[in-house]
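Listed below are the residues making up each chain.
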2 protein chains.
Amino acid sequence: MIMKDNLELLKSYQLKITPQRIAIVEELASHGHLSIEDLYQGLLERFPTISLATVYKNINAMEEKEFVQEVKIPEQKSKYELTKAHHAHVVCQECKKVEDVVVSTKTILDEVKDVSHYRINRDDLIFTGLCPECVVKQSA
Amino acid sequence: MIMKDNLELLKSYQLKITPQRIAIVEELASHGHLSIEDLYQGLLERFPTISLATVYKNINAMEEKEFVQEVKIPEQKSKYELTKAHHAHVVCQECKKVEDVVVSTKTILDEVKDVSHYRINRDDLIFTGLCPECVVKQSA
DNA sequence: TGGATAGAAGATAATTATTTTCCTTTAAGT
DNA sequence: ACTTAAAGGAAAATAATTATCTTCTATCCA
Ligand SMILES: [Mn+2]
Ligand SMILES: [Mn+2]
Ligand SMILES: [Zn+2]
Ligand SMILES: [Zn+2]
């Protein structure tokens, strides 16, 4: 179920509201981090005639407007998610799931600025390992 | 000029030593972070007949053996670098340069483990912003 | 130090991934 | 409802990556 928030947001980002776009937002809202192929497969069930190009075009348009963001993950295809409060990611190398994690970045940011002399205005932090479920499976 | 260290290393990773591979290592050793296309263009000057497939095959083989590593950067094609002591990256959004930066990750790692309950064994940290040169150019 | 041989290079074809084109359909404003 | 700019779908065009096959060569060993 799509909350009007997202519809409003689509509008506010000057993205014309179409059934396909609503479905994309719903998929992203409910599943979190999806690849182009994931999205396509998900949408196919609701729109048997949807074109893969439509998925690409929409994701690109939404990215352009910063309504969605790409997440590049080691050893995996890029995932896309609705833009939200800035956060880092944890990835399970076993079951491949991707989750958000909110951590304080001030300390490391200060150190990076200090060491590099760069003016930093964005960070992309990916932590890879084993999720709790896969940890127990592994020790079993 | 290639230092025998790298040749030894190539050997120790069971990678047969060929002129093309030596050149790839030299390129990476001297330029740091290169895309497939960067590498191909660089090698073309020394090996006018080299095939793009050779670059792909070699980089894949070297990645397989963990002799080189892929670095995924937002808004850019993947870069490759010789594997070395673990480090983070700063990227200039203006001139696109990529540099290594060594920072302490203990604090943030502990927090990520604490918040996510994941067992973390790898981190990929990319900080994007303006390099010192581009900062001055921009304020000029 | 000359084969023998596994593996690499090069050329090219085949796949796979992504973008673009072109025409039809539709959302959104009037 | 009418108009129009934009979106969808199908297919073609590009780009990126991998596979195949033949020729070449680095490495091993007698
Ligand atoms: Mn996320
Ligand atoms: Mn690096
Ligand atoms: Zn898992
Ligand atoms: Zn710069």
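Being a predicted model, the structure only gives us computed values, none of them experimental. (Residues numbered from 1 in each chain as written. Chains lettered and ligands numbered in written order. Predicted model: local features only at pLDDT ≥ 70, side-chain atom pairs only at ≥ 80, totals over all residues. Heavy atoms only, no water.)

Quick notes on the relation of the copies chain B and chain A
Laying chain B over chain A is done by rotating through 180 degrees and shifting 0.0 Å along the axis; what remains is an RMSD of 0.1 Å. What the rotation and shift describe, once combined, is the action of a two-fold rotation axis. Judged by C-alpha distance, L125(B) is the residue of chain B that lies nearest the rotation axis, at 2.3 Å. (Least-squares fit on C-alpha atoms with pLDDT ≥ 70 in both.)

Focus on the coordination of the manganese ion (ligand 2)
Residues and elements named next belong to chain B. Within the protein, H33 (NE2), E81 (OE), E81 (OE), H87 (NE2), H89 (NE2) and D100 (OD) serve as the donor atoms for the manganese ion (ligand 2), at 2.0 to 2.8 Å. Considering all six donor atoms around the manganese ion (ligand 2), the spread of angles at the metal, 51 to 168 degrees, places the coordination shape in the irregular class. Residue E81 is classed as buried on the basis of its relative accessible area of 3%. (Donors = N, O, S within 2.8 Å, 3.2 Å for Na, K, Ca; no water. Tetrahedral: all angles 85-135°; square planar, octahedral: opposite > 155°, others 65-115°. Buried < 20%, exposed > 50% of the residue type's maximum accessible area, 1.4 Å probe, protein only.)

Comments concerning the environment of S30(A)
Mapped onto the fold, S30(A) is located in helix 2 (residues 19-31). Here the alpha-carbon distance between S30(A) and N6(A), two residues 24 residues apart in the chain, equals 12 Å. (Helix = DSSP H or I, 4+ residues; strand = E, 2+ residues; numbered from the N terminus.)

Focus: the protein's contact with DNA strand C
Surrounding DNA strand C, one finds 20 residues, the nearest of these being I17(A), Y56(A), K77(A), R21(B) and T49(B). Sugar and phosphate atoms form 72% of the subset of DNA strand C atoms that lie within 4 Å of the protein. With respect to DNA strand C, the side chain of K57(A) contributes an N or O atom lying 3.4 Å from a base oxygen. Listed by contribution, the elements that provide at least two residues to the surface near DNA strand C are helix 4 (52-64) of chain A together with helix 2 (19-31) and helix 4 (52-64) of chain B. Take the surface near DNA strand C: its biggest share by element is five residues, from helix 4 of chain A. (Near = heavy atom within 4 Å. Polar contact = N/O pair within 3.5 Å; in protein donor to acceptor, adjacent residues only side chain to side chain.)

So, the pattern of salt bridges
Residue and element names in this part refer to chain A. Counted according to the given criterion, the structure contains 16 salt bridges over all chains. In this structure, the salt-bridge partner of K97 is E133, at a minimum N-O distance of 3.0 Å. Taken together, the positions of K97 in the loop between strand 3 (88-92) and strand 4 (98-101) and E133 in helix 6 (residues 132-139) put the pair 36 residues apart, joining distant regions of the chain. Among the residues examined, E133 registers a relative accessible area of 42% and is labelled partly exposed. (Salt bridge = Lys/Arg side-chain N within 4 Å of Asp/Glu carboxyl O.)

Describing the coordination of the manganese ion (ligand 1)
Residue and element names in this part refer to chain A. Protein-derived coordination of the manganese ion (ligand 1) comes from H33 (NE2), E81 (OE), E81 (OE), H87 (NE2), H89 (NE2) and D100 (OD), at a distance range of 2.0 to 2.7 Å. Classification of the site at the manganese ion (ligand 1) as irregular follows from its six donor atoms and the range of 52 to 167 degrees in their angles at the metal. Within one chain, the residues serving as donors to the manganese ion (ligand 1) are arranged as H-x47-E-x5-H-x1-H-x10-D. Placement of H33 in the loop between helix 2 and helix 3 (36-46) and of E81 in strand 2 (residues 79-82) is noted, with a sequence separation of 48 residues between them. The pair H33 / E81 is uniform in exposure class, with both members buried.

Notes on helix 3 (residues 36-46) of chain B
What helix 3 of chain B keeps buried is the set I36(B), L39(B), Y40(B), G42(B) and L43(B). Its buried side turned inward, helix 3 of chain B meets helix 2, helix 4 and strand 2 (79-82) of chain B. (Contact = heavy atoms within 4.5 Å.)

Digging into the environment of F67(A)
Residues and elements named next belong to chain A. Inspection of the secondary structure puts F67 in the loop between helix 4 and strand 1 (68-71). Overall, F67 belongs to the buried group, its relative accessible area being 2%. Taking the C-alpha atoms as reference points, F67 and S12, 55 residues apart in sequence, are found 9.7 Å from one another. If we skip the residues at most four places from it in the chain, F67 touches N6, L9, L10, Y13, L15, V25, M62, E81, L82 and T83.

Regarding the nonpolar core
Counting residues in each nonpolar core, the largest one holds 32 residues, and the members touching the most others are F127(A) and F127(B). Only strand 3, helix 5 (106-116), strand 5 (119-130) and helix 6 of chain A together with strand 3 (88-92), helix 5 (106-116), strand 5 (119-130) and helix 6 (132-139) of chain B provide two or more residues apiece to this core. (Core = buried A, V, L, I, M, F, W, Y, C linked by side-chain atoms within 4.5 Å.)

What to know about the interface of chain B and chain A
In this assembly, 39 residues from chain B lie in contact with 39 residues from chain A. Of the roughly 3,400 Å² buried between chain B and chain A on both sides combined, carbon and sulfur atoms contribute 61%. On inspection of chain B and its partner chain A, the count reaches two salt bridges. E75(A) is paired through a salt bridge with R122(B); the nearest N and O atoms lie 3.9 Å apart. Sorting the residues of the side of chain B that touches chain A by element identifies strand 3, strand 4 (98-101), helix 5, strand 5 and helix 6 of chain B as the ones contributing at least two each. (Buried area = accessible area lost by both parts, 1.4 Å probe.)

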